[in-house]
Amino acid sequence: MQPVTSTDPRETIAKSPMTRMQVAAVAVTVGLNALDGFDVLSIAFAGPGIRAAWNIDQAQLGYVLSAELFGMALGSLFLGGVADKIGRRPTILGCLALMLVGMFMAAHTNGIYELMTWRVVTGLGIGGVLAAINAVAAEFSNQKRKHLCVSIMSIGYPIGAVVGGSIATTLLKTYSWPSVFYLGAAFTALFIPLTLIFIPESPAWLTRKQPVGALEKINKSLRRMGHAAVTALPVLSQEARKRSISDIFSPGLILTSILVAAGYFFHITTFYFVLKWTPNIVADMGFPAAAAGNVLVWANVGGALGGAVLGLLTLRFGVKGLTIAAMVLSTIAVAIFGHSPKDLGVLSLLCAVSGFFTNAAIVGMYAIFAHAFPTHVRATGTGFGIGVGRGGSVLSPIIAGYLFKAGVSVPTVAMFLAMGSLIAAIIISFLRLRPDDKGEEVEDEGKGEGESVSSLKGAPSQV
């Protein structure tokens, strides 16, 4: 391959075909998101066993199910900014350490408050990882494949839930609920060396921050990618040096920040109702915990397919329109799921359809995060959107728990929480994505906030 020669490494990466090293970096982000998928759902798989072992009611279980989601919201809000300050790679490694400790200690708890504490710790790590890997997937891809790479990264979540969930349901046939957390800790430990080997610091971040030794690190990464080295880095203007992570609240970005966070907030209430309550709904129908877990696995099979389909469609259609369509169909699918009969086959099918559309919309939101924010606030903007949005994930299981405790039927609860996706679709319809940021942008350091040197031709048009 003849690499594109440029004085700006971001332009080299944006305009050159993707190499094996770049594909490997994106592949590891898929694995990290798969790890997140299993970690977040581990408490759902363990939920029926915890409820039986500790004799807690549905409202108490709702708080347990939401604990790591609260931690995730905090992690996304605060550790996303850390990724923009100190780098993507050290943030991912630090967050993996938090996840490892949280998952391992959760298996050794003796009460719901202790368990909730360690689930919050796990959630902190997950939230930071989510913000950082979204930036990594965007910044290691070229302009043509940016939305596709972010979408592929996003479908790691349901893949992890399917693979991890299948193993977890097998474990639960023989062992008690702590075995699920031991499995999560083992998977987490595995990804620490994989991150060290396959994800160098982002050249886009190094070019923007220009710490000591940045040129050497960038050229080392470029050589690993098979691209030409650069002799010098772009000169940062005084205005560019003054940019900070607080720019997500600047006049040019604040409306975008609010809309993406609000849209994510409402859709996630629908998404997490399905993910968190499906095993308990199925178990309350009289089916064993292992069967309940298998139904949830089908939700994630559908989710993986939905994310893959949406990712491929972004090569031809605008990500905004695709995301809105997925949200509307998510509303319909989840409402229908609430009317499912006591039949495992039908439950699995309806759960898979719900997962298809709910996760397709999540994948679309991640692509929107990567599209909407420039490099210097990409992890911060993503973290803000996820962090605020995760408020919906915290509230969803709790609201459902109280509704069930009050005697509200499953169809009514499902219909109520399905409306979150519809509200999200309305909110995202007001979002305006900049047409000059369709791929990995090459920022003009002399221009104003978030502007781009090139229009990056060849990217799909936005709705």
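It should be emphasised that the depicted structure is a prediction, and the values quoted were computed from it without experimental measurement.

1. Description of the overall build of the protein
Broken down by element type, the protein carries 17 helices and 0 strands. A buried classification covers 61% of the 463 residues belonging to the protein. Of the accessible surface of the protein, which amounts to about 16,300 Å², a share of 68% is contributed by carbon and sulfur atoms.

2. Remarks on empty space enclosed by the protein
Tallying each qualifying case throughout the model produces 3 cavities of 30 Å³ or more. Size it by volume and the largest cavity reaches roughly 70 Å³. Along its surface, the largest cavity is lined by Y157, P158, F271, V274, L275, A299, N300, G303, G355, T358 and N359. Put simply, the parts of the chain that give the lining of the largest cavity at least two residues each are α7 (156-174), α12 (254-284), α13 (289-313) and α15 (344-372). Tallied by class, residues from the lining of the largest cavity come to 6 nonpolar, 5 polar and no charged. Taken as a whole, the second largest cavity spans an internal volume of roughly 50 Å³. Lining the second largest cavity we find N33, S154, Y157, Y264, F271, N359, I362, Y366 and R390. Taken together, the elements giving at least two residues each to the lining of the second largest cavity come down to α12 and α15. When residues in the lining of the second largest cavity are grouped by element, the largest group, 3 residues, is from α15. In terms of residue class, the lining of the second largest cavity is made up of 5 nonpolar, 3 polar and 1 charged.

3. Brief notes about the pattern of salt bridges
Tallied over the entire structure, the rule returns 8 salt bridges. E68 is the salt-bridge partner of R119, the closest N and O atoms lying 4.0 Å from each other. One end of the pair, R119, is in helix α5 (residues 112-139); the other, E68, is in helix α3 (residues 58-86), with 51 residues separating them in the sequence. By the burial criterion, R119 is buried, and E68 matches it. One network of salt bridges, with partners in common, ties together D84, R88, E139 and R378.

4. Description of the packing of α12 against helix α14 (residues 319-337)
One way to put it is that α12 packs onto α14 with a least axis distance of 11 Å and a crossing angle of 30°. Relative to α14, the element α12 is oriented roughly parallel. Seen from above, α12 lies across α14 with left-handed handedness. Two secondary-structure elements touch here, α12 through G263, H267, T270, F273, V274 and T278 and α14 through M327, S330, V334 and F337. Across the contact of α12 with α14, the residue classes tally to 5 nonpolar, 5 polar and no charged.

5. Quick look at the packing of aromatic side chains
Inspection of the entire model under this criterion finds 14 aromatic pairs. Ring geometry for F38 against F187: centres 5.9 Å apart, planes inclined by 80°, an arrangement best described as edge-to-face. Placement of F38 in helix α2 (residues 20-54) and of F187 in helix α8 (residues 178-198) is noted, with a sequence separation of 149 residues between them. With a centroid separation of 5.0 Å and 75° between ring planes, the pair formed by F356 and F357 is classed as edge-to-face. Judged by relative accessible area, F356 falls into the partly exposed class, the value being 24%.

6. Some points on unusual backbone geometry
Located in the positive-phi region is N55, a residue other than glycine, with phi close to 55°. Looking at the secondary structure, you find N55 in the loop between α2 and α3. In the Ramachandran plot, Q210 falls in the positive-phi region, its phi being about 50° despite a non-glycine side chain. Secondary-structure assignment places Q210 in the loop between α9 (203-209) and α10 (214-225).

7. Observations regarding the confidence of the model for the protein
Low-pLDDT portions of the prediction should not be read for the details of their coordinates. With 89% of its residues at a pLDDT of 70 or more, the protein shows a mean pLDDT of 85. This stretch, residues 1-5, has a pLDDT under 50; its non-local contacts, to residues over four places away or in other chains, come to 13 contacts. Predicted confidence for residues 436-463 stays below pLDDT 50, and this span has 90 contacts to residues more than four positions away or in other chains.

8. Side note on α10
When the terminal C-alpha atoms of α10 are compared, their 16 Å separation across 12 residues agrees well with the 16 Å that a helix rising 1.5 Å per residue should span. Along α10, the residues that are buried comprise A214, I218, N219, S221, L222 and M225. The arc that holds every buried residue of α10, seen down its axis, measures 160°, which confines them to one face. Among the exposed residues of α10, those oriented more than 90 degrees off its buried face are E216, K220 and R223.

9. Considerations on the nonpolar core
Counting 122 residues, the largest nonpolar core has L32, F273 and Y366 as the members making the most contacts within it. If sequence neighbours within four positions are ignored, Y366 has contacts with L130, N134, V150, M153, S154, Y264, I386 and R390.

10. Focus: the layout of surface pockets
Taken as a whole, the largest pocket spans an internal volume of roughly 240 Å³. If you go around the largest pocket, you meet 13 residues; those closest to its centre are R89, P200, E201, K217 and S221. Of all elements in the fold, only α8, α9 and α10 reach the threshold of two or more residues within the lining of the largest pocket. Per-element tally for the lining of the largest pocket: the top contributor is α10, with 4 residues. Class assignment of the residues belonging to the lining of the largest pocket gives a composition of 7 nonpolar, 1 polar and 5 charged.

Each value, and the rule that gives it
- Throughout, residues of each chain are indexed from 1 in the direction in which the sequence is written.
- At least 70 in pLDDT is required for a residue's local features to be given in this predicted model, at least 80 for side-chain atom pairs to be given and counted, and no such filter applies to totals for whole chains, interfaces and linings, which use all residues.
- Heavy atoms from the whole structure form the basis of all side-chain values; hydrogens and water molecules are not counted.
- Numbered from the N terminus, helices here are DSSP runs of H or I no shorter than four residues, and strands are runs of E no shorter than two.
- Only protein chains enter the accessibility calculation, which uses a 1.4 Å probe; a residue whose area is less than 20% of its type maximum is buried, one above 50% is exposed, and one in between is partly exposed.
- Per-residue accessibility takes into account occlusion by the displayed protein chains alone, with areas from the Shrake-Rupley method and a 1.4 Å probe.
- Only protein atoms enter the 1 Å grid used here, on which a cavity is any set of points holding a 1.4 Å probe that cannot leave and a pocket is any open set flanked by protein within 12 Å on both sides along at least five of seven lines; residues with an atom within 4 Å of a point are listed as lining.
- Grid points are joined across faces, edges and corners, and a volume is the space filled by probe spheres set on the points.
- Gly counts as polar in this scheme, as do all residues outside two lists: the nonpolar Ala, Val, Leu, Ile, Met, Phe, Trp, Tyr, Cys and Pro, and the charged Asp, Glu, Lys and Arg.
- Every case where a carboxyl oxygen of Asp or Glu lies within 4 Å of a side-chain nitrogen of Lys or Arg is listed as a salt bridge.
- All axes are obtained by fitting lines to C-alpha atoms, using only the stretch in contact for helices, and the reported angles, taken between N-to-C directions, cover 0 to 180 degrees.
- Roughly parallel covers angles under 35 degrees, roughly antiparallel covers those over 145, roughly perpendicular covers 65 to 115, and oblique covers all other angles.
- Handedness of a helix crossing follows the sense of rotation of the near helix relative to the far helix, less than a right angle counterclockwise being left-handed and clockwise being right-handed.
- Contact between two residues is taken to exist if any of their heavy atoms lie within 4.5 Å; hydrogens are not considered.
- Stacked, edge-to-face and tilted labels apply to pairs of Phe, Tyr and Trp rings (six-membered ring for Trp) whose centres lie within 6.5 Å, assigned for plane angles under 30 degrees, over 60, and everything in between, in that order.
- The score called pLDDT rates the predictor's confidence residue by residue, from a low of 0 to a high of 100.
- Each residue after the first adds 1.5 Å to the expected span of a helix.
- Picture the helix axis, draw a direction to every C-beta atom, and the arc is the one those directions span.
- Here the nonpolar core consists of buried residues drawn from Ala, Val, Leu, Ile, Met, Phe, Trp, Tyr and Cys, with membership extended through side-chain atoms lying within 4.5 Å.

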